[in-house]
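# Report on the structure
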Amino acid sequence: MAYESEADDTADVVGVGFGPANLALAIALRERASAESAAAVFKARFFEKQQEFGWHRGMLIDGATMQVSFLKDLVTPRNPTSRFGFLSYLHAKGRFATFLNRKSFYPLRTEFHDYLAWAADQLADDVDYGSEVVEIRPVTDARGTTAAVDVVVRGQGALSTVRTRAIAVASGLEPVLPAGIEAGDRIWHSSDLLYQAEKAATGTPARFVVVGAGQSAAEVVGYLHERFPQAEVHAVFARYGFSVADDSSFTNEVFDPVAVDRYFTSPPDVKAMLLDYHSNTNYAVVDDDTIRDLYDRVYRESLSGVRRLHVHNVSRVRGQEVGTDDVNVRLEFLPTGDVTAVRADAIVYATGYRPGDPLRLLGELGTRCLRDERGNIQVGRDYRVRTTDDVKVDIFLQGSTEHSHGISSSLLSNVAVRAGEIADALEASGRPARHPRNRSSSVSLTEH
Ligand SMILES: Cc1cc2nc3c(=O)[nH]c(=O)nc-3n(C[C@H](O)[C@H](O)[C@H](O)COP(=O)(O)OP(=O)(O)OC[C@H]3O[C@@H](n4cnc5c(N)ncnc54)[C@H](O)[C@@H]3O)c2cc1C
């Protein structure tokens, strides 16, 4: 279907998702507009399907810490004088001195969530919560050029659209369960831990099985062991032990902004090599402190003789039957093939996440986005998807660019700098062209 372009009410950019990545972008655009040199404000609008700001709420385990320095917040690496930095947050909340006295670069996860929500609150005018982007339709003129898209949003039971010349897709990661496994009351993904544990707390759970060897798995084991002091916790993984995450100083440089440049220009075999060498900074690895804590618990239980934490290493789940009140899990010890049955209240899969297909929402327009020989989406250094020539809409990707921009893509390390680069790219495309300072930057939705 062909649409006529309506210049006036067209947004400069629409963001899909309002997690840290698009929140950082919203701030970068806001700061651009308020800079002395700026001649215009961006017409930007962000849509978030959650009812309010939330960053991995199901894993906001009390006491869990961030795996990134507080200085790699939403803004500081791009603009250390920004009022949206973590230090401004601490100051506003009256915790500046106590944070310093704690002497750690790594805030509590609950604290960082509070920081993000504090920043998001200040951008409340730019975002619609409870609004899921369900489709993106090309707006194509008589010559076949697509210079805008209609973003279709479902919110409060109704559909509405907003027209834009650029989109920034930052829809995050999707939880992964093993093939054939479906989540339910007895089968949880770690991303739902706190919600499900709250429900389980209405009874007296006796046993949990936790599958996985990464940071989330180790945290879930520790959490359940502490939260349910009468319950056994069975940790299951194929490795010999939890492996420690490499956060050493030289290796940490792989998260620096300059590492993105180097990765981007590397040939494919060097890219693959770098991801392989340094996957142990992020994948299937655990903080040293967390490992020590779990080992200590096992050791103390071996002294007391009251064994609640059981580690099934070199083992795999071979089957599970969900009953009315429990789930019967069969565990195979791989060296011998011996199978043990564990009757548990729930089995928790801490089996990770994968980036969703960012082009899924684009429908037909997605077929005009170019892919490389490995099937990966072609993305420019400025995070703009390469398209066929008839597409003049800018499609920016945040998060799902590990293949092109390296291992920091799905993490927080570079959200600030990346947001600035996308803002630069928008400006380089001539935006915001038509919205002088004294005009509103709001974008109206067309109800269906
Ligand atoms: C438990 C946990 C802890 C982590 N800790 C760290 C850490 O310490 N350091 C670090 O660097 N990284 C960490 N990460 C990695 C994590 O990916 C990043 O912290 C961060 O969440 C990436 O931000 P994002 O905005 O790209 O994605 P997300 O935070 O996932 O945000 C995406 C948002 O888009 C919304 N959305 C999705 N689809 C739509 C749609 N169609 N319409 C509207 N809204 C939509 C989602 O609801 C979500 O709010 C952690 C991950 C997990 C799971």
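Our subject in this report is the structure included herewith. (Residues numbered from 1 in each chain as written. Predicted model: local features only at pLDDT ≥ 70, side-chain atom pairs only at ≥ 80, totals over all residues. Heavy atoms only, no water.)

### Focus on the overall build of the protein
Here is the rule we go by: Think of it this way: any DSSP run of H or I at least four residues long counts as a helix, any run of E at least two long counts as a strand, and we number them from the N terminus. For the radius of gyration, the atoms used are the C-alpha atoms, and the globule rule reads 2.2 Å times the number of residues raised to 0.38. Residue burial is assigned from relative accessible area. The probe radius is 1.4 Å, only protein chains are included, and a residue is buried under 20% of its type maximum, exposed over 50%, and partly exposed in between.
Within the protein, the secondary structure is distributed over 12 helices and 19 strands. The C-alpha radius of gyration computed for the protein amounts to 24 Å, which stays within 12% of the reference 22 Å derived for 448 residues, consistent with globular compactness. Reported as C-alpha extents along the three principal axes, the dimensions of the protein are approximately 75 × 50 × 45 Å. In the protein, buried positions account for 50% of the 448 residues.

### Considering the environment of Arg95
For clarity, the threshold we go by: Contacts between residues were defined by any pair of non-hydrogen atoms, one from each residue, lying within 4.5 Å.
In this structure, Arg95 sits in the loop between helix H2 (86-93) and helix H3 (96-102). By relative accessible area, Arg95 is classed as partly exposed at 27%. Once you skip the residues sitting within four places of it in the chain, Arg95 turns out to touch Tyr89, Leu90 and Glu111.

### A closer look at the nonpolar core
Definition in use: Here, nonpolar core means buried Ala, Val, Leu, Ile, Met, Phe, Trp, Tyr and Cys residues that are tied together by side-chain atoms lying within 4.5 Å of each other.
Phe18, Leu23, Leu29 and Leu74 are the most contacted members of the largest nonpolar core, which has 46 residues in total. Where this core is concerned, the elements lending two or more residues are helix H1 (20-34), strand S2 (44-47), H2, helix H4 (109-122), strand S7 (166-169) and helix H12 (415-428). In this view, Phe18 contacts Leu23, Ala26, Phe46, Phe47, Glu48, Phe53, Ala120, Leu123, Val127 and Tyr129; residues no more than four positions away in its chain are not counted.

### Structural notes on the site of the ligand
We count it as follows: Being near a molecule or strand, for a residue, means having at least one of its heavy atoms within 4 Å of it. Throughout this description, a polar contact denotes any pair of N or O atoms lying within 3.5 Å of each other; where both atoms belong to protein, one of them has to be capable of donating a hydrogen while the other can accept it, and for residues adjacent in sequence the pair is counted only when both atoms sit in side chains. The protein chains shown are the only cover counted for residues, whose accessible areas, like all others here, come from Shrake-Rupley with a 1.4 Å probe. Three classes are used: nonpolar for Ala, Val, Leu, Ile, Met, Phe, Trp, Tyr, Cys and Pro, charged for Asp, Glu, Lys and Arg, and polar for all others, with Gly counted as polar.
The ligand sits among 28 residues. The nearest are Glu48, Trp55, Gln67, Ser410 and Leu412. Between Pro20 and the ligand, the recorded distance is 3.2 Å, taken from a backbone N or O atom to an oxygen atom. Trp55 places a polar side-chain atom, nitrogen or oxygen, 2.9 Å from an oxygen atom of the ligand. Starting from 990 Å² of accessible surface for the ligand in isolation, the protein chains cover 90%. At the level of elements, H1 and strand S4 (131-140) are the ones that each hand at least two residues to the shell around the ligand. Among the elements that take part in the shell around the ligand, S4 stands out by supplying 3 residues, more than any other. Broken down by class, the residue content of the shell around the ligand amounts to 15 nonpolar, 9 polar and 4 charged.

### Brief notes about the pattern of salt bridges
Let me state the cut-off plainly: We define a salt bridge as a contact between a side-chain nitrogen of Lys or Arg and a carboxyl oxygen of Asp or Glu at a distance within 4 Å.
What the rule picks out here adds up to 30 salt bridges. Residue Glu427 pairs with Arg32 through a salt bridge whose shortest N-O separation is 3.2 Å. Residue Glu427 is located in helix H12, and its partner Arg32 is located in helix H1; the two are separated by 395 residues in the primary sequence. By relative accessible area, Glu427 is classed as partly exposed at 35%. The salt bridge partner of Arg143 is Asp141, with a shortest N-O separation of 3.5 Å.

### Here we look at the packing of aromatic side chains
Stated formally: Note on aromatic pairs: the rings of Phe, Tyr and Trp (six-membered ring only in Trp) are paired at centre separations within 6.5 Å, and the planes decide the class, stacked below 30 degrees, edge-to-face beyond 60, tilted for the rest. A ring is scored as having a charge over it whenever the NZ atom of a lysine or the CZ atom of an arginine sits within 6 Å of its centre and within 35 degrees of its normal.
With the rule as written, the count across this model stands at 18 aromatic pairs. Centre to centre, the rings of Phe70 and Phe105 are 5.9 Å apart; their planes meet at 90°, and the pair counts as edge-to-face. Of the two residues, Phe70 is situated in the loop between S2 and H2 and Phe105 in the loop between H3 and H4; the sequence distance between them amounts to 35 residues. Residue classification places Phe70 among the buried residues on the basis of a relative accessible area of 9%. Look at Phe105 and you get partly exposed, because its relative accessible area is 47%. Three or more aromatic residues link up through ring pairs in this structure, and these residues are Trp55, Phe70, Phe86, Tyr89, Phe99, Phe105, Tyr106, Phe112, Tyr115 and Trp118. A cation over an aromatic ring shows up here: Lys271 above the ring of Phe264, its NZ or CZ 5.9 Å from the ring centre.

### Focus on the sheet that holds strand S15 (residues 338-344)
Note: strands within a sheet are paired through backbone hydrogen bonds, in either parallel or antiparallel orientation. Under the convention used in this document: We treat two strands as partners when DSSP finds at least two bridges between them. To get an axis, a line is fitted to the C-alpha atoms, and for a helix only the part in contact is used. The angle between two axes follows their N-to-C directions and goes from 0 to 180 degrees.
Pairing within the open sheet is antiparallel, and its 3 strands lie in the order S13-S14-S15. Each edge of the open sheet is held by one strand with a lone partner, namely strand S13 (315-322) and S15. Across the sheet, the axes of successive neighbouring strands diverge by a mean angle of 25°, strand direction being ignored. For strand S14 (residues 327-333) and S15, the ladder comprises 7 bridges, and the chain directions are antiparallel. In the sheet register, Glu332 faces S15, and the bridge partner there is Val339.

### With respect to the sheet that holds strand S10 (residues 207-211)
An order of S9-S16-S10-S11-S12 is seen for the 5 strands of this open sheet, with the pairing classed as parallel. Strand pairing shows two members of the sheet lacking a second neighbour, strand S9 (187-189) and strand S12 (309-312), which therefore form its edges. Between one strand axis and the next, the sheet turns through 20° on average, direction left out of account. Bridge analysis of S10 against strand S11 (residues 232-236) gives 5 bridges, and the strand direction is parallel. Bridged to Val210 within S11 is Ala235. Along the sheet face, helix H6 (residues 215-227) touches S9, S10, S11, S12 and strand S16 (346-349) and points at about 170° away from the line of S10.

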